[in-house]
Amino acid sequence: MKRVFALLMALCAAIQTTAFAANAPFSDVPEDAWYASAVRWCAENGLMNGTGGGKFSPDADVSRAMAAAVLYRAAGSPLITRTALPPDVSDSAWYRDAAAWALESGVLSAAGGRFAGDAAISRETLAQALWISVGRPAAGTAAPYADAAQIQNKDAAAWARSVGLMNGVNGNRFAPNTYTSRAMLATILQRLDSLGETGRETMLTMKINGTPVAVDWADNESVTALRERVGKGTITVETSMYGGFEQVGSLGASLPRNDVQTRTEPGDIVLYSGNQIVVFYGSNTWAYTRLGKIRDMSAQELKKLLGNDGVTLTISLD
């Protein structure tokens, strides 16, 4: 796992384009942004720099060329024996050796005879490249993604999830063809710092009236902000039963929100009005921000656990 951490440190460092003082502010990173603490942490540790003009470019995608260059450097810039390269990688390309190594080692591949260095690297390709680079470790016991049928390399995706690098998005989906932003990469690196020697992340956990429940947390800014809050101390929420289908209670502070009209199911955990956490044992349709979903419990079990007054939610890091 230390090797993984070193790898991601190199990945962050390689995405820089302009040096800056570690404590310099970024004009495009608001203090209350969900990724602000991760960006600040990377900056303070000299892991990610700005992109020029005092900007961090948090929404910019990580490209295939960037990923190849970083993984190549992390491997110690080994001797390159491959001479034949795709026609879109010129001899003067800044990532030429990295592309040759990536193709030679199998970390990345050329599709349709092109390396496509300027193209954004997909989540699945990034997960696979990292997984191959660290020796194809065991995938762990992470719960399957809802879109597992769309994932080509299930071992790489499961590994990325099991060590906490990439969680589910938009309802427990891996979204293999979407991309990773610089902001998300900074967050991944900060998460990686919390990994212990066992390779397990400090997990966000929930108890309902003292009973632990297994939750597949969403990979979004709301959960990131929730994790940061819980990192300062366990959150206890006294909830109220509403409508015969949910328990709702105040988090005591607002989280970032991205409300979408949603038809909920038993076990869904959502954010309402930015500061209310809602756990469903029934169903409802409203505009919510998804936080996660309780797994491995039937609708009947959830109703027994949640369908009464006086429910207490305890959210902590374990």
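Not measured: the values here are computed from a predicted model. (Residues numbered from 1 in each chain as written. Predicted model: local features only at pLDDT ≥ 70, side-chain atom pairs only at ≥ 80, totals over all residues. Heavy atoms only, no water.)

Looking at the pattern of salt bridges
Okay, step 1: Summed over all chains, the structure comprises 7 salt bridges.
Okay, step 2: Where Arg 96 meets Asp 97, a salt bridge forms, and the shortest distance between an N and an O atom there is 3.5 Å.
Okay, step 3: Owing to a relative accessible area of 37%, Asp 97 belongs among the partly exposed residues under this scheme.
Okay, step 4: Asp 268 is the salt-bridge partner of Lys 293, the closest N and O atoms lying 3.1 Å from each other. Placement of the pair is Lys 293 in strand β10 (residues 285–294) and Asp 268 in strand β8 (residues 268–272), with a sequence separation of 25 residues.
Okay, step 5: Here Lys 293 falls in the partly exposed class, since its relative accessible area comes to 28%.
Okay, step 6: The class for Asp 268 is buried, based on a relative accessible area of 2%.
Okay, step 7: Counted as one network, the salt bridges with shared partners bring together Glu 265, Asp 268, Arg 290 and Lys 293. (Salt bridge = Lys/Arg side-chain N within 4 Å of Asp/Glu carboxyl O. Buried < 20%, exposed > 50% of the residue type's maximum accessible area, 1.4 Å probe, protein only. Helix = DSSP H or I, 4+ residues; strand = E, 2+ residues; numbered from the N terminus.)

As for the nonpolar core
Okay, step 1: One finds Tyr 95, Leu 108, Phe 115 and Trp 159 to be the most contacted residues of the largest nonpolar core, which totals 56 residues.
Okay, step 2: Of all the elements in the fold, those that place two or more residues in this core are α2 (36–44), α3 (64–74), α4 (96–105), α5 (123–133), α6 (154–162) and α7 (182–193).
Okay, step 3: Not counting the four nearest positions on each side in its chain, Phe 115 is found in contact with Arg 64, Ala 65, Ala 68, Pro 86, Asp 88, Val 89, Tyr 95, Ala 99, Leu 103, Leu 108 and Ala 110.
Okay, step 4: The next biggest cluster of nonpolar side chains, apart from the first, holds 28 residues, and it includes Ile 235, Val 237, Tyr 281 and Val 311. (Core = buried A, V, L, I, M, F, W, Y, C linked by side-chain atoms within 4.5 Å. Contact = heavy atoms within 4.5 Å.)

Considerations on helix α8 (residues 221–231)
Okay, step 1: All of the buried residues in α8 are Ser 222, Val 223, Thr 224, Ala 225, Leu 226, Arg 227 and Val 230.
Okay, step 2: With a side-chain oxygen lying 3.2 Å from the backbone nitrogen of Ser 222, the N-terminal cap of α8 falls on Asn 220.
Okay, step 3: Of the residues one or two after α8, Gly 233 is the one with positive phi, at around 155°. (Polar contact = N/O pair within 3.5 Å; in protein donor to acceptor, adjacent residues only side chain to side chain.)

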